[in-house]
Amino acid sequence: MASFVGDCFLFLLPSLLLLLLSLTLRLPRVHCWIVLAVRALSWRLWVIICLILGLPLHKNTSTRAEEVKSAGTDILSGSGQISDEPRFICKPTALAKYLLRHCGSLAKPRLAAWPRGDPHLQTLSSLLWGQHGEALQFTRDNLLLKDGGIIAVDWAVGTKMGEAATRKKWDVRKEHQTGVRAPGCFTSAPPVLLLIPQYWGGMTPHLKALCQQALCRGFYVVVFVSRGTEGCPLTTARVTEFGDPADLEQAVAYVHSRHPSSMLFAVSEGSGSGVLLSYLGECGSSTYLTAAAAISPVFLGQLWFETPMPPIYRWGALFHRKQQLRRYASSFRGVRDVDRALSSSSLRDFEEALFCSSAQPQVSPLNSGLSSRSHSQWGLASSAAWALDERAYPAKDWESYWERNEPLRDADEVAVPVLCVCSSDDPLLPPASTLPLSLFMSNPYFFLMLTDRGGHCGFALEDERTVNEEQGGEIWSHISVLEYFRVVAEFLRGDERNRVSWSGLMEENSQARLRGWSMAPPRRRKATDMRRPRPQAADQYTVDAQEGNFTWKRSYTR
């Protein structure tokens, strides 16, 4: 009997232990201890993985953020304490005040903490395997350029299922909360959003998520595809340099011709900001863009190429670029040092081997005539070389290459508002202390939103389910950028109405003066006619801007 009871006890012992464990875990204090223990163990395991992969640790980014905060002017908080709130660094202007008042997503984002908010996990998720919802569908237009090359623009035509229902749900929710819509949404001229991928091309999950969210808010979405990437054929021996905006300029002109009455916005992802910022600087006030934004941008191209990148990211970017070059290796061997580029171990060596004449192969004396011409003009025709000007020829050395390709070389000529969203723990960019803060504090067109967490093109929010129900997305940078475009459009429309009202008043006064010179006695105006029209509530910031030396009306310098 005793043996039978003992056997039953041993048989029921696992079930009793599980029951006791489940009852214990229901205690709040025990549950809290277990969560803390698991988190601490996970953090130690993650530290070991980062040490093996050579990844820098960013458990606490307040130290790096403190360097920027001590050097910059923050018009959002103005306090010197470290907090998780973003710093809105810019020159105090009418548009800056209007953004702070009407763009609520820029105020207090609930960015995810570790482990979901780890910069490396966010970066890898946004570039490789992040969730981007339903599959997107695109239709492609190939554009023939002036030099004979071909680029493409991919128009997003929606998702495979449920896109119309999602858009309707978003519209009803947004109108109920704020009473406003995206600029031009559900009208005869919806706005157009131009997406610019990374420098090496390709649609990342981060960009696909932005594309889907913009579609739900009523934008026409088009993706810029540079030559030789994403299946776009390469018909010439010319590859786009880091800061060469010639291809983007022709793409913007084409998109504007397709929708001439729509507002045109542009967003760059990561290193794609090199082309966008260069385009805005070279075109100046003649650009068709209404506003632009850059997520995790590269401001100083030469510094970015020369700063050591963590090995896992460096080899990933190099592998992608070498795969693109191998496809056309036989065509490039006559004009570029393909072998050196394919054997390079850094992004700087790869870039220098392709675009600098000091790294090009020496020309044989027997073929000096034809080869020298192909070497000097990248194998282009004389008419195309004349159209490209200095870019038809390779740069003399590394320094001269960046004299014509630095993204901010013509920053003083930018004439549209540009919002830059950056993170202090970005593992792909130089330290936050290298940000050009003086540009944002002196130029009224540049706005910097700097956060402590976010990684590279990550910016995941804390509670994904709550955010999806309240704001229609899970990435804070997407929400803030799209809302920024809406607020800027409202501000500029109010500025335009204000200028029209004042021009009408001046015309009326001039006609009254002309009537005073006639033989007939002047008609006595009523008190209501003599009253100056008061600006609307949305226009008061425009009036403040006109009282100073700066005005938001474009001065066509180019």
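From a predicted model like this one, the values you see are computed outputs, not experimental measurements. (Residues numbered from 1 in each chain as written. Predicted model: local features only at pLDDT ≥ 70, side-chain atom pairs only at ≥ 80, totals over all residues. Heavy atoms only, no water.)

If you tally the helices and strands in the protein chain, you get 22 helices and nine strands. Per-residue burial over the protein chain gives 50% buried out of 558 residues. Intrachain contacts of the protein chain at a sequence separation of at least 6 include 77% that bridge at least 24 residues. If you sum the accessible surface of the protein chain, you get close to 27,600 Å²; carbon and sulfur atoms cover 57% of it. (Helix = DSSP H or I, 4+ residues; strand = E, 2+ residues; numbered from the N terminus. Buried < 20%, exposed > 50% of the residue type's maximum accessible area, 1.4 Å probe, protein only. Contact = heavy atoms within 4.5 Å. Areas by Shrake-Rupley, 256 points an atom, 1.4 Å probe, with all protein chains shown as cover.)

Turning our attention to the packing of helix H11 (residues 311-327) against helix H14 (residues 347-355). How two helices pack is summed up by the angle between their axes together with the distance between the axes. Look at H11 against H14: their axes get within 10 Å of each other, and the N-to-C directions meet at 25°. What the angle tells us is that H11 and H14 run roughly parallel. Seen from H11, the contacting residues are Ala-317, Leu-318, Arg-321, Lys-322 and Leu-325; seen from H14, they are Leu-347, Phe-350, Glu-351 and Leu-354. (Axes fitted to C-alpha atoms, helices over the stretch in contact; angles between N-to-C directions. Parallel < 35°, antiparallel > 145°, perpendicular 65-115°, else oblique.)

We now examine the packing of helix H8 (residues 246-258) against helix H9 (residues 273-283). Interhelical geometry of H8 versus H9 gives an angle of 75° and a closest axis separation of 9 Å. Taken together, H8 and H9 sit at an angle that is classed as roughly perpendicular. Residues Leu-248, Glu-249 and Val-252 of H8 form the contact with H9, whose own contacting residues are Val-275, Leu-276, Tyr-279 and Cys-283. Of the residues in the contact of H8 with H9, the class split is six nonpolar, no polar and one charged. (Nonpolar A, V, L, I, M, F, W, Y, C, P; charged D, E, K, R; others polar.)

Of all five residues that make up strand E4 (residues 192-196), five are buried, and the element is covered over most of its length. The side-chain alternation of E4 yields two buried faces, one formed by Val-192, Leu-194 and Ile-196 and the other by Leu-193 and Leu-195. For the segment spanning E4, helix H7 (residues 205-216) and strand E5 (residues 220-225), crossover handedness is right-handed. For E4 and strand E6 (residues 264-269), the ladder comprises five bridges, and the chain directions are parallel. The residue bridging Leu-194 from the neighbouring strand is Ala-266, located in E6. (Right-handed = clockwise from strand over helix to strand, strands pointing away. Pairing = 2+ DSSP bridges.)

The next thing to look at is the environment of Thr-139. With respect to the helices and strands, Thr-139 occurs in strand E2 (residues 136-144). Judged by its relative accessible area of 36%, Thr-139 falls in the partly exposed class. Along the chain, Thr-139 and Ala-156 lie 17 residues apart, while their C-alpha atoms are 6.6 Å from each other. Among all residues touching Thr-139, those that are not within four sequence positions of it are Val-153, Asp-154, Trp-155 and Val-157.

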